[in-house]
Amino acid sequence: MRRLVIVVLFALLAIAVVASDLRLFYGNPHSHTSYSDGTGTPEEAYEYGSKVPGLDFLAVTDHGYYFVQTLPDGRDKLTATIEAAQKATTGSFLAFAGFEWTATGTGHINVYGTQDWTDRVQSDLWQLYDWIIERKAVGQFNHPITMFGDNFKQFHYVPQADLYVNLIEVGNGNWWQNETISQEMFQAYRLALLKGWHLGATLGQDNHKPNWGGANDSRAVVYASGLTQEEILKAFSERRVYASEDRDILLSFSADSGFMGDILHDLEEINLKVSIKDETGDDLEFVEIYSRTGLLAHFDVNDSLFEMELRLDIETGYEYFFVYAKARDGEEVVSSPIWVQRSDPVHLYNPAVHPSNVKPGEEVTLSFQISNTSSQEASTTLELRNLHGVILQESYLLTAYESREVTLPHTTGNGDERIDFYLDSVPYSSVSLKLREATSLNVLLDRSHVNYAMDRREKLSTTLQEFGHKYSTVERLLKTGELDNINVLIMPLPGAGGSFERLKMLMPAQAGIIADFVRKGGTLIITGTGETVGQDIIDTYNKFLADLGLPVTFGGVQSGEIVSVEGISFDGISTLEGEAGEYPAGDGTVIIYPGDPLTDNVIEMNEKLVWRLF
């Protein structure tokens, strides 16, 4: 149980920094010119940025794939941008250059601190990581939203790249409304941290118009010892940065032995210190502290100053904390984290279990990523524990910077409501399972054949869950073995609509999987349709019934209205040759109804039937 002690400091303390030589600098690390898909020249961008109030630095980061074309005078575009930055830099304004690597389907990454460049033609994501590592550059994940790709292969963790890709945008935009920090980017930030990345939170205006750094008040705020490219990039690499939509908010986040961006080791407890102040006197609305497991603490605020301390026990081998705050005017601020982890180089990230709703005796898949963060070979021992003790022990030997995705099968039993992951007897994380009664059912609804009324099943789902069963749907064609843990398969005949009529047919491979399911003891419920479907489609289901030896065939639609037959209400009904009812098939059962008794329209009328079936 985590011990959390909160001390709210009412004294009006100044913003404190662990290292007394650090100063705050406000800037924009992401902008474009006509050297790619923006406007103006780098010289114009830097000249404009130098006059923007509250802007201490500006980076021009044009898209690398435009650099294939040199300037009319023959100069390389990145080289020319670096030269322009050197000329524009003064004692009070820093201009520097980088470039943006962009790959459709993957995402965009800013790279700082190199004299050369690469692009999506020369390098894929993994090659880009190697390129950055070779040059010891600084990388930044840009605008991590799905519009730009799969967010870097879902932030697949690469330990050596983690040493140099140090930043992630939690906000991006050059619109005047100043609403640049988005929920999608914030959640991507949290996902990247969970995957193992050590990233500082930044914000870029991403200017493509001649408003470089002046589009709004959103800033990346950096703690650095001086306003030089060397010191700003050093601060970037150390993650001493926060993202703010307000250029007047001062944020300090520290611990007794470290500051925002630091990785601390082997602590049993930590004393976090948070100080946020709006210099213009605007009130804060709330402040939140996040940890690896999610929201840790929430504080309502009605003042322009908030200061507090939290003393926390450290219970796992990998933990982090960061601050999120929102002012009453809606402007947001996000800090970089402080990490606390064991000094051993091997760590475990992103544990998961699938499926998580099971009965004792069913097999699940446990998955996680195990990574060696050092330049030397390293070993570790994994232990999986449930509520009764150790259920698995396994050793791993990893090469330098190796990261391995591991999947382990596990047959569930008593005590598996929670499974804990340990490395070398140090707890890392847990996954939770919902263990149902052994007599409960796994009920699956086929939606893969444009099945009738497939979107009108909310009451069925609710009812089955109330009974203690698991209800799920299949949206694509079944695979061999996918029905192994299913007790009841509901297969309504196809309905109208859909793009391809052929998708509605019950093809031989699918019919074979379902027939095997029935013969091995499963229960199949086939219901008629209330919508017109081609007889050639219906015939594929009739062939399936004939192959099972059942003396029943479906015809066309008899009625699309609610029809009652022998005390059962059907939402639409098909003509049926042969008797409806239950038929044995192998060790299983096929239940055939002329219509559908399980849609939202009629299920409440069929209470006795539902009780009998489930």
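Position labels on residues start from 1 in each chain and follow its written sequence. With the structure being a predicted model, the display of local features is reserved for residues of pLDDT at least 70 and the display and counting of side-chain atom pairs for 80 or more, all residues being used for whole-chain, interface and lining totals. As a convention, hydrogens and water are excluded, and side-chain values are obtained from all of the structure's heavy atoms.

Draft legend 1. Expanded view of helix H1 (residues 42–49). Every buried residue of H1 is listed here: Pro-42, Ala-45, Tyr-46 and Gly-49. Viewed end-on, H1 has its buried residues packed into an arc of 95°, placing them on one side of the element. The contact definition used throughout considers only heavy atoms, calling two residues in contact when any of these lie within 4.5 Å. Only runs of H or I of at least four residues qualify as helices and only runs of E of at least two qualify as strands under DSSP, and these elements are numbered from the N terminus. Residues of H1 that are buried make contact with strand E3 (57–63), helix H2 (77–88) and strand E4 (94–103). When accessible area is computed with a 1.4 Å probe and restricted to protein chains, residues below 20% of their type maximum are described as buried, those above 50% as exposed, and intermediate ones as partly exposed. As used here, the arc belongs to the directions running from the helix axis to the C-beta atoms.

Draft legend 2. Seen up close, the pattern of salt bridges. Put simply, a salt bridge is a Lys or Arg side-chain nitrogen that is within 4 Å of an Asp or Glu carboxyl oxygen. Applying the stated criterion to the full structure yields 26 salt bridges. For Asp-116, the salt bridge is made with Arg-135, and the minimal N-O distance between the two is 3.0 Å. Of this pair, Asp-116 sits in the loop between strand E5 (107–112) and helix H3 (125–135) while Arg-135 is found in helix H3, placing the two residues 19 residues apart along the sequence. On the basis of relative accessibility, which here comes to 30%, the residue Asp-116 falls in the partly exposed class. The partner of Arg-404 in a salt bridge is Glu-402, and the shortest N-O contact between them spans 3.0 Å. One salt-bridge network, held together by shared partners, links Lys-234, Glu-238, Arg-240 and Asp-262.

Draft legend 3. Layout of the nonpolar core. Throughout this description, the term nonpolar core refers to a set of buried Ala, Val, Leu, Ile, Met, Phe, Trp, Tyr and Cys residues connected via side-chain atoms within 4.5 Å. Counting residues in hydrophobic clusters, the biggest one holds 80 residues, and the most contacted among them are Ile-109, Tyr-129, Phe-141, Trp-197, Val-334, Phe-368 and Leu-382. When residues in this core are grouped by element, the largest group, six residues, is from H3. When near neighbours in sequence (up to four residues on either side) are disregarded, Ile-109 contacts Phe-99, Glu-100, Trp-101, Leu-125, Leu-128, Tyr-129, Gln-140, Phe-141, Asn-142 and Phe-152. Within the second largest apolar cluster, 36 residues are counted, among which are Phe-259, Leu-284, Phe-306 and Met-308.

Draft legend 4. Looking closely at H2. With 12 residues, H2 should cover 16 Å at 1.5 Å per step; its first-to-last C-alpha distance of 16 Å lies within 8% of that length. Those residues of H2 lying buried are Lys-77, Leu-78, Ala-80, Thr-81, Ile-82, Ala-84 and Ala-85. For H2, the elements touching its buried residues are H1, E3 and E4. N-cap assignment for H2: the residue whose side-chain oxygen lies 3.0 Å from the backbone N of Leu-78 is Asp-76. Expected helix span is computed as 1.5 Å times (number of residues minus one). A 3.5 Å cut-off defines polar contacts: any pair of N or O atoms within that distance qualifies, except that in protein one atom must be a possible hydrogen donor and the other a possible acceptor, and neighbouring residues in sequence count only when both atoms are side-chain atoms.

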